[in-house]
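So the chains spell out like this:
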Amino acid sequence: MQVDLVLVVDIVLVSAFGLLAVLAILGSARRRPADRWVALAFGAVAMSLGAFVLPEHLGWDLPSALSRSMIVLLLSFPYLLLRFTGSFTPLPRRWEALSAVGLGVIVLVTVPLPVIPEPGADLPSWIIGYVVLALGYWMGTAAMVVGLLWSAGRGQPSVARTRTRLMAVATAVLTVALLLAAPLGEDSGPLSLLIRLVATISAVMFGLGFSPPPAARLRWRRPEEAQLRAGTQAVLRAVDVEEVAQELLRPTSRMLSARGAALVDADGTTLATHGQVPDGSQVLEGSTRAVVHLPDGRGDLVLWTSPFTPWFGPEEIGLAEQMATVASLAIERCELLAEERARMEAMTRAQAALVAAQEEAVRANDAKTAFLSRTSHELRTPLNAILGFGQVLEDAPELADRDRDAAGRIVRAGRHLLRLIDEVLDLSRIEAGTVAMRPEAVDAAGVMAESIELVLPSARERRVRVHTEPGSGANVRADRQRLRQVLLNLLVNAVKYTDPDTSVTIQCTQPSTDVVRFSVTDDGPGIPLDLQERLFEPFDRLGAEGGAVEGTGLGLVVSRELVHAMDGHMGVRSAPGQGSTFWVDLPAADLPAEQAVSP
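Numbers given for residues are sequential positions, taken from 1 along each chain in its written order. Local features in a predicted model are, by the rule used here, given only for residues with pLDDT of at least 70; side-chain atom pairs are given and counted only at 80 or more, and totals for whole chains, interfaces and linings are based on all residues. Each side-chain value is worked out from all heavy atoms of the structure, with water and hydrogens disregarded.

Asker: Hey, could you run me through the packing of aromatic side chains in this one?
Answerer: Aromatic ring pairs are described here by two measures, namely the spacing of the ring centres and the angle between the planes. Pairing of aromatic rings covers Phe, Tyr and Trp, the last through its six-membered ring, and needs centres within 6.5 Å; plane angles under 30 degrees mean stacked, over 60 mean edge-to-face, and all others mean tilted. For the structure on display, the rule yields five aromatic pairs. Centroid distance Phe42 to Phe210: 5.6 Å. Interplanar angle 70°. Geometry classified as edge-to-face. Pair noted here: Phe42 is in helix 2 (residues 33–58) and Phe210 is in helix 8 (residues 190–210), with a separation of 168 residues, a long-range link. For the pair Phe42 and Phe210, one class covers both residues: buried. The rings of Phe17, Phe42, Phe77, Trp138, Phe206 and Phe210 are connected pair by pair, giving a single aromatic cluster. Charge-over-ring contacts are defined here by two conditions on Lys NZ or Arg CZ: a distance within 6 Å of the ring centre and an angle within 35 degrees of the ring normal. Stacked on the ring of Trp150, the Lys or Arg Arg165 has its end atom at 4.5 Å from the ring centre. Here the guanidinium or amino end of Arg517 rests over the ring plane of Trp583, the centre of that ring lying 4.4 Å away. Each helix is a run of DSSP H or I of at least 4 residues and each strand a run of E of at least 2, with the numbering of both proceeding from the N terminus. When a residue's accessible area, from a 1.4 Å probe over protein chains only, is under 20% of the maximum for its type it is buried; when over 50% it is exposed; and in between it is partly exposed.

Asker: Teacher, can you tell me more about the pattern of salt bridges here?
Answerer: Two side chains that carry opposite charge are able to pair once their charged atoms sit near each other. In what follows, salt bridge is the name for a side-chain nitrogen of Lys or Arg lying within 4 Å of a carboxyl oxygen of Asp or Glu. Scanning the entire structure with this criterion turns up five salt bridges. Where Glu450 meets Arg484, a salt bridge forms, and the shortest distance between an N and an O atom there is 2.7 Å. Linking Glu450 in helix 17 (residues 444–461) with Arg484 in helix 18 (residues 480–497), this pair joins segments that are 34 residues apart in sequence. Judged by relative accessible area, which is 13%, Glu450 ranks as buried. Here Asp501 and Arg463 are joined by a salt bridge, their closest N and O atoms 3.2 Å apart.

Asker: Explanation requested: the packing of helix 17 against helix 18 in the structure shown.
Answerer: The geometry of a pair of packed helices is captured by two quantities: the angle between their axes and the separation between those axes. Fitted lines through C-alpha atoms serve as axes, helices being fitted only where they are in contact, and the angles separating the N-to-C directions of these axes extend from 0 to 180 degrees. Between helix 17 and helix 18, the shortest axis-to-axis distance is 9 Å and the interhelical angle comes to 35°. The crossing of helix 17 and helix 18 is right-handed. Counting all contacts with helix 17, which are made through Gly446, Val447, Met448, Glu450, Ser451, Ile452, Leu454, Val455, Ser458 and Ala459, the residues of helix 18 involved are Arg480, Leu483, Arg484, Leu487, Leu488, Leu491, Val492 and Val495. Three residue categories are used. Nonpolar comprises Ala, Val, Leu, Ile, Met, Phe, Trp, Tyr, Cys and Pro, charged comprises Asp, Glu, Lys and Arg, and polar comprises the others, including Gly. Taken together, the residues that form the contact of helix 17 with helix 18 break down as twelve nonpolar, three polar and three charged. Handedness of a crossing follows from how the near helix is turned relative to the far one, being left-handed for an anticlockwise turn of less than a right angle and right-handed for a clockwise one. Should any heavy atoms of two residues lie within 4.5 Å, those residues are counted as being in contact.

Asker: How should the sheet that holds strand 9 (residues 515–522) be read in this particular structure?
Answerer: Strand pairing in a sheet is mediated by backbone hydrogen bonds. Such pairs are either parallel or antiparallel. Two strands qualify as a pair provided DSSP detects at least 2 bridges between them. Taken in spatial order, the five strands make up an open sheet running 6-8-9-11-10, and their pairing is mixed. Of all the strands in the sheet, just strand 6 (465–468) and strand 10 (569–574) have a single pairing partner and so form its edges. With direction set aside, neighbouring strand axes in the sheet form an average angle of 20°. As paired strands, strand 10 and strand 11 (residues 580–587) are joined by six bridges and run antiparallel to one another. Within strand 11, the residue paired with Val572 across the bridge is Phe582. Its contacts with the sheet put helix 18 on strand 6, strand 8 (503–512), strand 9, strand 10 and strand 11, and the angle it makes with strand 9 is roughly 20°. Sheet strands touched by helix 20 (residues 555–565): strand 10 and strand 11. Its angle to strand 10, the strand with the most contacts, is close to 135°.

Asker: It is not clear to me how the environment of Val464 should be interpreted in this structure. Could you clarify?
Answerer: Along the chain, Val464 falls in the loop between helix 17 and strand 6. You can call Val464 buried: its relative accessible area is 6%. Linking Val464 and Lys496, residues 32 residues apart in sequence, is a C-alpha distance of 9.2 Å.

Asker: Looking at this structure, I do not really get helix 10 (residues 222–237). What am I missing?
Answerer: Because an α-helix packs 3.6 residues into every turn, residues spaced three or four apart end up facing the same way. Between its first and last C-alpha, helix 10 extends 23 Å over 16 residues, near the 22 Å set by a 1.5 Å rise per residue. Considered for burial, the residues of helix 10 that qualify are Glu224, Leu228, Gly231, Thr232, Ala234 and Val235. Down the axis of helix 10, the buried side of the element spans an arc of 165°, and every buried residue falls inside it. Turned more than 90 degrees off the buried face of helix 10, the exposed positions are Arg222, Arg229 and Arg237. Given a helix with a known number of residues, its expected span is that number minus one, times 1.5 Å. Our arc is simply the arc of the directions from the helix axis toward the C-beta atoms.

Below is the structure:
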């Protein structure tokens, strides 16, 4: 059972390094030195482990020459990983020379090796010496790699720091596995299984460091995401281009752990700098220059990052691109604000006066109502004159059709403005609490008939049938005039927003002994659920502003407030393609039907 478990672990180990080799080879197509070196490193480990481990389980004997070649290939791994690290930053010449000489010595010693003794046989002294030499070379080179990768993570963004240090730890773990395996030979005991597990763990850590899954990247990048949100808010709060530049450079430098950053406009002029920024064409030693272009040709964001950032932290470069996009929008906004600043001086003074006037909010509310009333009177007089002359022009027989159509538009626009004035006045009176309500027992059927009679002309014009269904014959306690206003508004809306050759139904029911419900149902297109919350917002016509149907966006608002003033409730049931039903619940009257007020 133990042998089977060892086989499973060996297969997983070889497959893991093989997958890393495939991913590295695919990545080497980008023709960066780092991609080629890491592809060679993982490919060497995958081939050598496969050549040593799998034939052992299959009972095959490797040819002596192939066995020596695989040993050289395996021992070249730390050197190849060192060259991978050196592709980002120059290696100390002494380290590079020692590693290269060590690998050369290993190759020269391995090729003429005598026949390796069988397992269980006494080991000659030359074997022990060779193992010590190989392990010493591996440990020394691996120590260089671990030190360089671990120190490279210092001061890096979260993703780059985690990836470099994972690869450093994975190198150390693989070295430990090799040290433990050296004295065991082909022993298959529990320690051998443990060594294989340790090597497999190193493969997993190499995988996380070399090509981490998206979920891991997102988790590691949380600090930078928080900095991105904070930086975006700061940039969007900026009021001029200089402040945008400062608020952009600080968080962007922190996100990428850049040594310096500069914002350059489209003309090449440096607007702002942060950190260490070289002059002119000088090079900042130990840094890589990354340029992020602002959209719309507004300039460039120049960053001096660690050489490891472009390979280990490309996501952070993407975050910098997001910040550049936000900065471009902020700069555009600031430029527009600067253009408008001269024309906003008068508005600023008015706003200052408005702030002072807020201390008199109660009196201002009364003044608003009085102002609207006076304005209504002042507007009605010229509007009535406009409507009168417009109607005269419409009826003039000598008027051309084109001019008659223009006069009709004037009349319709004037009537629309009068309706708007009336509804604004109603809404202001309701908000001020000055609407006089005269509740009385009203015959529901009678007020419905009045409302239908008033809406019939527009319904005939649009070829919409309006009818009522038999109701309960109930009486309702309400202000008769205001109730008729509410029902007429619902009927007018139903006729306006439904298609020709359809119908609108109004009915009265009594869901309980103390409640009377009026319902207006149409065959229109219906209202999506997410838009129904906006039905009772002032001036919100749910996107119908640009359509052919006239309206102010106040009718439903005023109607609901009037219903509330009469101790009632108003609501809607609707779904796309199924029409709409607006309902009004009011208190039932205590008087019998024959004593109720009727038309």
